[in-house]
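Here is what each chain is made of, one letter per residue.
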Amino acid sequence: MCECGYPREQHLEEATKSSVFLGKEWDPKRHIQEMPTDAFGDISFAGLGPKYVRVSADTPPCIIYQLMTQHWGLDVPNLLISVTGGAKNFNMMPRLKNVFRRGLVKVAQTTGAWIITGGSHAGVMKQVGEAVRDFSMSSSCKEGEIVTIGIATWGTVYNREFNQICDAFGGFPAEYVLDEESQGNLSCLDSNHSHFILVDDGTHGRYGVEISLRTRLEKFISEQTKVKGGVAIKIPIVCVVLEGGPGTLDTIYNAITNGTPCVIVEGSGRVADVIAQVANRPVPEITISLIQKKLSILFRDTYELFTEGKIVEWTKKVRSSEFTLLYVPLAAASRNRVHFGHENWDHQLKLAVAWNRVDIARSEIFTDDHEWKPADLHPVMAAALIANKPDFVKLFLEQGVRLKEFVTWDTLIYLYENMAPSSLFHGKLQKVLVEEKERSAFSKVPGIQLHHVSQVLRELLDNGALLASQDGSSLFWLICPLLSQSQDCIAGALACSKILKELSKEEDDTDSMEEMLTLAEEYEHRAIGVFTECYRKDEERAQKLLIRVSEAWGKTTCLQLALEAKNMNFVSHGGIQAFLTKVWWGKLCVDNGLWRVILCMVFFPLIYTSFVTFRLQPMSCLTRTRAFFTAPVVIFHLNILSYFSFLWLFAYILMIDFQATPSWREYVIYFWLFSLVCEETRQVLGGDFWNKLDVCAILIFIAGLICRWIPSTLYPGRIILSLAFIIFCLRLMHIFTVSKTLGPKIIIVKRMMKDVFFFLFLLAVWVVSFGVAKQAILIHNEERVDWIFRGVVYHSYLTIFGQIPSYIDGTEPRCSPNGTDPYKPKCPESNKDKRPVFPEWLTVILLCLYLLFTNILLLNLLIAMFNYTFQQVQEHTDQIWKFQRHDLIEEYHGRPAAPPPFILFNHLQLFVKRVLLRQPAKRHKQLMPLGCEWHGVGPGSEGPGGSPPVLSSSVSSAEEKLEKNEEAALLSWETYLKENYLQHQQCREKQNMEQKIRDVAQRYRPLSPRVPLGKTCGCQCSLMSRREL
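In this text, all values refer to a predicted model and were calculated from it rather than measured experimentally.

Here is what the cut-offs are and how they apply
Residues numbered from 1 in each chain as written. Predicted model: local features only at pLDDT ≥ 70, side-chain atom pairs only at ≥ 80, totals over all residues. Heavy atoms only, no water. Helix = DSSP H or I, 4+ residues; strand = E, 2+ residues; numbered from the N terminus. Buried < 20%, exposed > 50% of the residue type's maximum accessible area, 1.4 Å probe, protein only. Contact = heavy atoms within 4.5 Å. Areas by Shrake-Rupley, 256 points an atom, 1.4 Å probe, with all protein chains shown as cover. Expected span 1.5 Å × (residues − 1). Salt bridge = Lys/Arg side-chain N within 4 Å of Asp/Glu carboxyl O. pLDDT = per-residue confidence, 0-100. Core = buried A, V, L, I, M, F, W, Y, C linked by side-chain atoms within 4.5 Å. Domains from an automatic or database assignment. Patch = residues over 30% accessible without salt bridge, like charges linked within 9 Å, V, L, I, M, F, W, Y side chains within 5 Å.

So, the overall build of the chain
Thinking step 1. A count of helices and strands for the chain gives 39 helices and 11 strands.
Thinking step 2. Within the span of the chain, comprising 1029 residues, buried residues form 47% of the whole.
Thinking step 3. In the chain, the share of contacts with a sequence separation of at least 24, taken over all contacts with a separation of at least 6, comes to 70%.
Thinking step 4. Of the roughly 53,500 Å² of accessible surface on the chain, a fraction of 58% belongs to carbon and sulfur atoms.

What about helix 21 (residues 489–506)?
Quick reminder: α-helices carry 3.6 residues per turn. Residues three or four places apart thus point the same way.
Thinking step 1. When the terminal C-alpha atoms of helix 21 are compared, their 26 Å separation across 18 residues agrees well with the 26 Å that a helix rising 1.5 Å per residue should span.
Thinking step 2. In terms of burial, helix 21 is largely enclosed, as 16 of its 18 residues are buried.

Description of the pattern of salt bridges
Pairing is possible between side chains that carry opposite charge, provided their charged atoms lie close to one another.
Thinking step 1. Evaluation of the coordinates by the stated rule reveals 17 salt bridges.
Thinking step 2. Between Arg-101 and Glu-130 there is a salt bridge, with its nearest N and O atoms 2.2 Å apart. Separated by 29 residues along the polypeptide, Arg-101 in helix 4 (residues 94–111) and Glu-130 in helix 5 (residues 123–138) bring together distant segments of the chain.
Thinking step 3. We classify Arg-101 as buried; its relative accessible area is 13%.

Some points on the confidence of the model for the chain
Thinking step 1. Of all residues in the chain, 75% have pLDDT values of 70 or greater, and the mean over the chain is 75.
Thinking step 2. No element of the chain has a lower mean pLDDT than helix 19 (residues 469–472), which averages 34, and none a higher one than helix 29 (residues 632–655), which averages 92.
Thinking step 3. Taken together, the stretch residues 167–171 has pLDDT below 50 and engages in 12 contacts with residues farther than four places along the chain or on a different chain.
Thinking step 4. Every residue in residues 1006–1029 scores below 50 in pLDDT, and together they form 95 contacts with partners more than four places removed in sequence or on other chains.

Focus on the nonpolar core
Generally speaking, a soluble globular protein has its nonpolar side chains buried in company with each other.
Thinking step 1. Ile-490, Phe-570 and Phe-728 are the most contacted members of the largest nonpolar core, which totals 85 residues.
Thinking step 2. Sorting elements by how many residues they give to this core places helix 29 first, with 14 residues.
Thinking step 3. Split by domain, this core shows at least three residues from each of two domains, domain 2 (641–735) and domain 3 (751–893).
Thinking step 4. Once you skip the residues sitting within four places of it in the chain, Ile-490 turns out to touch Ala-527, Val-530, Phe-531, Leu-545, Cys-558, Phe-570 and Glu-974.

Points about a nonpolar patch on the surface
Thinking step 1. On the surface, Leu-594, Trp-595, Ile-598, Leu-599, Val-602 and Phe-603 cluster together into a nonpolar patch covering about 580 Å² of accessible area.
Thinking step 2. By the secondary structure assignment, Val-602 is in helix 27 (residues 594–602).

Some remarks on the environment of Ile-197
Thinking step 1. Of note, Ile-197 is situated in strand 7 (residues 195–200).
Thinking step 2. For the pair formed by Ile-197 and Met-68, sequence separation is 129 residues and the distance between their alpha carbons is 9.8 Å.
Thinking step 3. Residues in contact with Ile-197, not counting those within four places in the same chain, are Val-53, Val-55, Ile-64, Met-68, Trp-72, Ile-149, Gly-150, Ile-151, Ala-152 and Leu-217.

Details of the side chain of Ser-187
Thinking step 1. Checked against the element boundaries, Ser-187 lands in the loop between strand 6 (173–175) and strand 7.
Thinking step 2. A relative accessible area of 14% means that Ser-187 is categorised as buried.

What follows is the structure, encoded as structure tokens:
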């Protein structure tokens, strides 16, 4: 056996020649030759495949670090946790084991740390591996993998040869068998580690070879600087000690000497318990006799191996370590102890943001010991926004960060330039830049500017809100996460809901899509909460917020944003429905009964009496007449009366008065239809379902009219006009949507029509299959296409409803033997005795099976689908009806007062203005209750505890912009009530029972029997909760 530990046959040929090395003392530097490694790639542990590499003991740390970050693809860590201790299996109390595992995994997972161990399947390395394994099995894929790096000695790894871990080609999964029973003095690798670095110095069976390389690698990593979100931090390192022997004390001493903090886990045994039990004592009390006593208790089996000189050495190291433990400030977070003052606090905050530990930032950093200026928090605020850490954003806002000071032109561009490449918004932004490059023929993609951001936002908002480049571009970074400080918060929340819903449509990942939709609902819920608070205080001013034109959102309104985002919960709010009701009644009082309105339509002189009341008093006769007939509710009922008259006259002509020469009644129908065509042209064609139905009916009517004027196609024209009449009748359903009783039922019918459409696909399979089989068995070579269609489809379909063909068993008295009679079906095939050739029992069986599957299975399936749709829609029918009610009210709010055909006079007036006089078209009229007045005083009358001011103005349309001071007062009032809403929300959360339970558990956790975790030295680990480790 050679001094290197390998037998003679495993050496190179020249090394076995006695003449070369005879009489010479073995020297690793001279007698070990370094060769290219053939061991790298992946290790296969029964399905698991961690990466590994075999390196020389003197490999520079920079090369290994480059391998880990570039070739292995590991992210640069925010923290380095070096776990050391006992290399042999030891027992830990179950509670201590659970505390250690949960704490270690939580710190590693929340901070993005690397865990470095010895990599073997024994001792503390096994404890770490099992902790990581338990986390991986209980966590989701989105929580990420914990990087656990095992640095072990190649010469002590069992089963490393014979192509089990050494692969001749490298890069391929190398099979490795974990066999603890046969390992002897060697050790197996732990399968729960994610990466392995196997250090080789040419020896076999010698432990500790990796210590030097591990120390140099950890030091090199801790000297690196990580830059993320514009914040640069030194990678901190902490040493965690479990159990351990004499070598562990040397590791602790070297770590403390180099400024590396150590966490000692008391209760784990041996060295850890020795240090932990004497750590709280004053330095003079730490004597040789005390250390000797502790060693005799904790090292029972191996205490005889400790010489007197060894005990003296231990005492010196413990006393020196104790001095460091006692006097290094616990709050220091930097590696170097020379960081003091503002730089030290700033470094702590950067670490907290990098580790995503907002709890520690609240308790340890934002204290009375240091006063933070808002400007000092701007860099970490940008880092928190880029890293998507809303808890820190909220914390910084609480600490005084003002958006007006933080948000600058350069800051916005910087934020958008550093967006996550995986985000949908970043992808859309890059698409805009590439398109601009193609249009402008640039040599490279242009830099991000705010007008590019505005273009993306216009797309997400479907051009419903055209954003100014400077104001609108701040939406994604400022409105979405920072609504707590923004004005016009209701509009901002609704816009965020709209954007998130649009982004979710393009998201491929289901979990991300659900998160976006959940967040969109949260923004809608916030908008509802603030509006409810405003509506309770002042109904009129809350409704004015709905129709206030927002310059920041491209001259749109909160109501329009909610409709575009399809926020049914918001639109169905009682305050918004009350506002829509006011719009529906126009200048009429809402408490007027509908029957009064109908009577006034029939006997219009009743308008001038007190039979109906108006909101504005007094009014002249002309004003009352105009106010009555311009109310949307009156326009609606006049159009209903007109439409029923049109249908009655149309039906009369089709059934009674349809002649070769049109009568005067038919010309009235043509004139009436022309007025309908003009009205459809005035509206936006192809908008909703009902407009499409109108266009379809009009086109069919025109086709029938053309055929009607051609003498040879008079009757087909009558048929086409009859079909148009059916579609015109279906249009009545839209009129009934205004009814609270019939409206929801019509919604359910529309949803069920979709079920019928998909059901027909299933039914067609059975109808065609049975029809073709029946026709082929019964009828021989039927050549008439119409009778083939009847036999295959028509008769098969009627069979479902009980009309069974009489010739199914071969008997058909009314048939044509040769199929020559065009009005009779062809007789079934028979023999000379006029008996059916086909087996009668087969057709009967096919018929029974067909009826079984169609009548029982498919029809019951359709009923079940209808029932499911009904139950599903019934729960939200009221909300859906209230949401769709707005479309009907908006339609008749902007519709001319005269019903068809008299509406042509309004169209003629519109034609003269637009075509002849060339007057520009006005913007679409927003909803506004006619005749409503907003009373109030100027700004400045609002106090913290007093009632908010009331705005003074009288507006007749939402298009009229508010004055600057008036709008500022309205937004201030909204902000004031928003703060009240947020305070109420916080109070509710505190009163929540689950929150109470969590508070009690948190309050009494320190009183429970806790496991002492020893002292913490150094500075980097000061931000970690000691209970977690």
